[in-house]
Amino acid sequence: MDRKRVGIIGAGVSGLAACKHSLDKGFNPIVFEADDTIGGVWAHTLESTRLQAPTTAFRFSDLAWPATVTEKYPSHRKVMEYLRSYASEFDLLKCIRFNSQVLGVEYLGATEGEIMQWEHWSGNGEAFGAQKDGVWRLTVKDLKIGNIEVFLVDFLIVCIGRHSGSPNIPEFPANSGLELFKGKILHSIDYSYMDNAAEFVKGKKVTIIGSGKSAFDIAAEVAKVNGETQPCTMIYRTRHWLVHKSSICGVDLSYFYLNRISQLLVHKPGEGFLYYVLATALSPLRWAISKVIETYFKRSIPLQKHGMVPDYSFSFAMSSCLIAMLPEGFYDKVDEGSIILKKSKRFSFFNDGIILEDGNEHIKSDIVILATGFRGDQKLRDIFTANWCKEKVAGSSATAVPLYRECIHPRIPQLAIVGYSESLTNIYASERMANWVTHFLAGRFKLPSIRCMEESVAEWAKYKDLYNGKYFRRSCISTVNVWFNDILCQDIGCNPKRKKGVLAEWFQPYGPADYASLY
């Protein structure tokens, strides 16, 4: 192979995995990172942030956590140490250009019209395509000195994630929005970048908008600073399953959702008729498992006491990647009055704070923090210069993001997107995709026809619509991760069964370490 210019955007966990596996296959990747360090969202996060999954689940396949880390859910600082050790172990820093912001990317080669006529991806189903002059042009700004450079790469891997970059700011009717508020408004990402967050909120009336993990963490941090003398208010619309541990009665949840036997309880994309019949027959068992887990957490966490029992099942939460870990002592702070929980479908602003939907309750605030998530699809679109790429890459608001094997768009050549689809631990799913992409780069297999790829995308879209409901655009593959990994293994020509012994193969949970050394 005479062309080995592989460009990677982002040096978070996905970008590091893509870089490492590209090096393994003999390529010379160049990684563009806008920050001055690796780690992505882990480099700038809340002080109280810790792992949301055990270290056995959050790790790269070929590097275990050091024996000195004994906590099951280490702090974000130890996560950063682990990521740095990975970069050092595989000599990845030499490939990374820090403070390098990619302003836009554009495909040079075949025209949009020609590409739409192709029957095979990139013209021939191969990584570097039938267009010998087809390249991606990257316009990159050096954030330290302000210079703008142009780079050409033969294959581009986009690893920009979906939990940063494009904050989701709620929209309001005229004369009721952010412009009315005289205090300070910021998004959770801005708060996480603060070096003096405790001083910023100290003694202030703080209101947090949102019900996801970041909203809970920020509320817990503010409560720690101000206590019950100046309680913070958390306004939420939807109640989610935030739990205090990843096991029930000493049995890890992975035994219910992340082993091969659990895959039989779910209708999987592309499954045969017998699998379909079996999943249908076992659906009462899946329901029963969910109810047992829900009962356990309702008894061990004061969810009912505080009106925080979700309206959806635990199994739905698992399949939609809506599970998170509670900050330590969160409901103790609610009980003592340091955190006030308010449910409201809608709210608006006035000069001194927030008005809840019925208009009868005014919450005075000095600071409002919007923990309202991110617009991952917009962030993905914004990286492209050409309108046709912007329009196609993330699909429509009514469909899942149309990625074959969750990382290849059937109509955009010489490009992979790694880290957009989610799992219960994104490092697990992202590394498997990065490994698959680099095998593809090395010529281990060719892609099927565009028609076949689009049919596969449609099958996965049906699965997401069935099991993820209104959260289908999260592209969560958590409860079919083993099935998904089996498909990737079959593509690259390795044995998908990674355990020793029949019982272990069916009943032991699968995790990153099972996929070490897929050669």
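Residues numbered from 1 in each chain as written. Predicted model: local features only at pLDDT ≥ 70, side-chain atom pairs only at ≥ 80, totals over all residues. Heavy atoms only, no water.

By the naming in an unreviewed UniProt entry, the protein goes by Flavin-containing monooxygenase and is assigned to Oryza glaberrima. Annotation of the protein in UniProt includes, under Cofactor (unreviewed entry), the sentence "FAD". Here is the UniProt Sequence similarities (unreviewed entry) comment for the protein, exactly as written: "Belongs to the FMO family." (UniProt positions renumbered as here; feature names shortened; annotations may be inferred.)

All right, on to the sheet that holds strand β5 (residues 135–142) then. An order of β4-β5-β6 is seen for the 3 strands of this open sheet, with the pairing classed as antiparallel. Here the strands that pair on one side only, and so sit at the sheet edges, are β4 (100–108) and β6 (148–153). Here the strands of the sheet are splayed against their neighbours by 25° on average, with no regard to which way each runs. With 8 bridges connecting them, β4 and β5 associate as antiparallel partners. Across the sheet, residue V105 finds its bridge partner in β5, namely L138. (Pairing = 2+ DSSP bridges. Helix = DSSP H or I, 4+ residues; strand = E, 2+ residues; numbered from the N terminus. Axes fitted to C-alpha atoms, helices over the stretch in contact; angles between N-to-C directions.)

Looking now at the pattern of salt bridges. Here the structure, examined in full by the defined rule, presents 28 salt bridges. Ionic pairing is found between R162 and E422, a salt bridge with its closest N-O pair at 3.8 Å. Within this pair, whereas R162 is found in the loop between β7 (155–158) and β8 (184–187), its partner E422 is found in the loop between β20 (415–417) and α14 (426–441), the two being separated by 260 residues in sequence. Here R162 and E422 have matching classes, each one buried. (Salt bridge = Lys/Arg side-chain N within 4 Å of Asp/Glu carboxyl O. Buried < 20%, exposed > 50% of the residue type's maximum accessible area, 1.4 Å probe, protein only.)

Its identity is not glycine, yet N99 carries a phi of approximately 55°, on the positive side. Tracing the chain through its elements places N99 in the loop between β3 (96–97) and β4. Located in the positive-phi region is E406, a residue other than glycine, with phi close to 65°. Its place among the elements puts E406 in the loop between α13 (387–393) and β20.

The assigned domain composition of the protein is domain 1 (5–165 + 375–426 + 443–475) and domain 2 (178–370). Measuring from the centre of the C-alpha atoms in domain 1 to the corresponding centre in domain 2 gives 27 Å. If you look at the interface, domain 1 gives 27 residues, while domain 2 gives 31 residues. Around 2400 Å² of area is buried between domain 1 and domain 2 when both sides are counted, 59% of it from carbon and sulfur atoms. The largest per-residue losses of area from domain 1 upon contact with domain 2 belong to L46, L424 and Y467, which jointly make up 28% of the total buried on that side. In this assembly, domain 1 and domain 2 are joined by 1 salt bridge. A salt bridge links K72 to D252, with the nearest nitrogen and oxygen atoms 3.9 Å apart. Linking domain 1 to domain 2 there are 11 residue pairs in polar contact (both at pLDDT 80 or more). A per-class count over the side of domain 1 that touches domain 2 returns 10 nonpolar, 9 polar and 8 charged. (Domains from an automatic or database assignment. Contact = heavy atoms within 4.5 Å. Buried area = accessible area lost by both parts, 1.4 Å probe. Polar contact = N/O pair within 3.5 Å; in protein donor to acceptor, adjacent residues only side chain to side chain. Nonpolar A, V, L, I, M, F, W, Y, C, P; charged D, E, K, R; others polar.)

This next bit is on the environment of R381. Mapped onto the elements, R381 comes out in helix α12 (residues 376–382). Judged by relative accessible area, which is 16%, R381 ranks as buried. Counting along the chain gives 237 residues from R381 to K144, while the straight-line C-alpha distance between them is 25 Å. With residues near it in sequence (within four places) discarded, R381 still touches K390, V393, A394, G395 and R473.

By the secondary structure assignment, S211 is in the loop between β9 (206–209) and α6 (213–226). The class of S211 is buried, set by a relative accessible area of 10%. A polar side-chain atom of S211 sits 2.7 Å from the main-chain carbonyl oxygen of T238.

What follows covers the environment of L83. Relative to the assigned elements, L83 resides in helix α2 (residues 76–89). Taking the C-alpha atoms as reference points, L83 and N360, 277 residues apart in sequence, are found 49 Å from one another. Setting aside chain neighbours within four positions, we find L83 in contact with V13, L16, I38, G39, W42 and F60.

Taken as a whole and assessed by the stated rule, the structure comprises 1 disulfide. Free of any disulfide, C389 has its nearest cysteine sulfur in C407, 17 Å distant. Taking the relative accessible area as the measure of exposure, C389 reaches 2% and is therefore buried. Summary of cysteine pairing: C452 is not part of a disulfide, and the nearest cysteine sulfur, belonging to C407, is at 17 Å. Residue classification places C452 among the partly exposed positions, given a relative accessible area of 31%. (Disulfide = S-S within 2.5 Å.)

Ordered by their spatial adjacency, 5 strands build an open sheet running β8-β19-β9-β10-β15, and the pairing between neighbours is parallel. Both edges of this open sheet fall to β8 and β15 (339–343), since each of them pairs with a single strand only. Pairs of neighbouring strands in the sheet enclose a mean axial angle of 20°, with direction left out of account. Strand direction decides the pairing type here: β9 and strand β19 (residues 367–370), joined by 4 bridges, are parallel. Across the sheet, residue I209 finds its bridge partner in β19, namely L370. Each of β9, β10 (232–236), β15 and β19 touches α6; the most contacted strand, β10, lies at about 170° to it.

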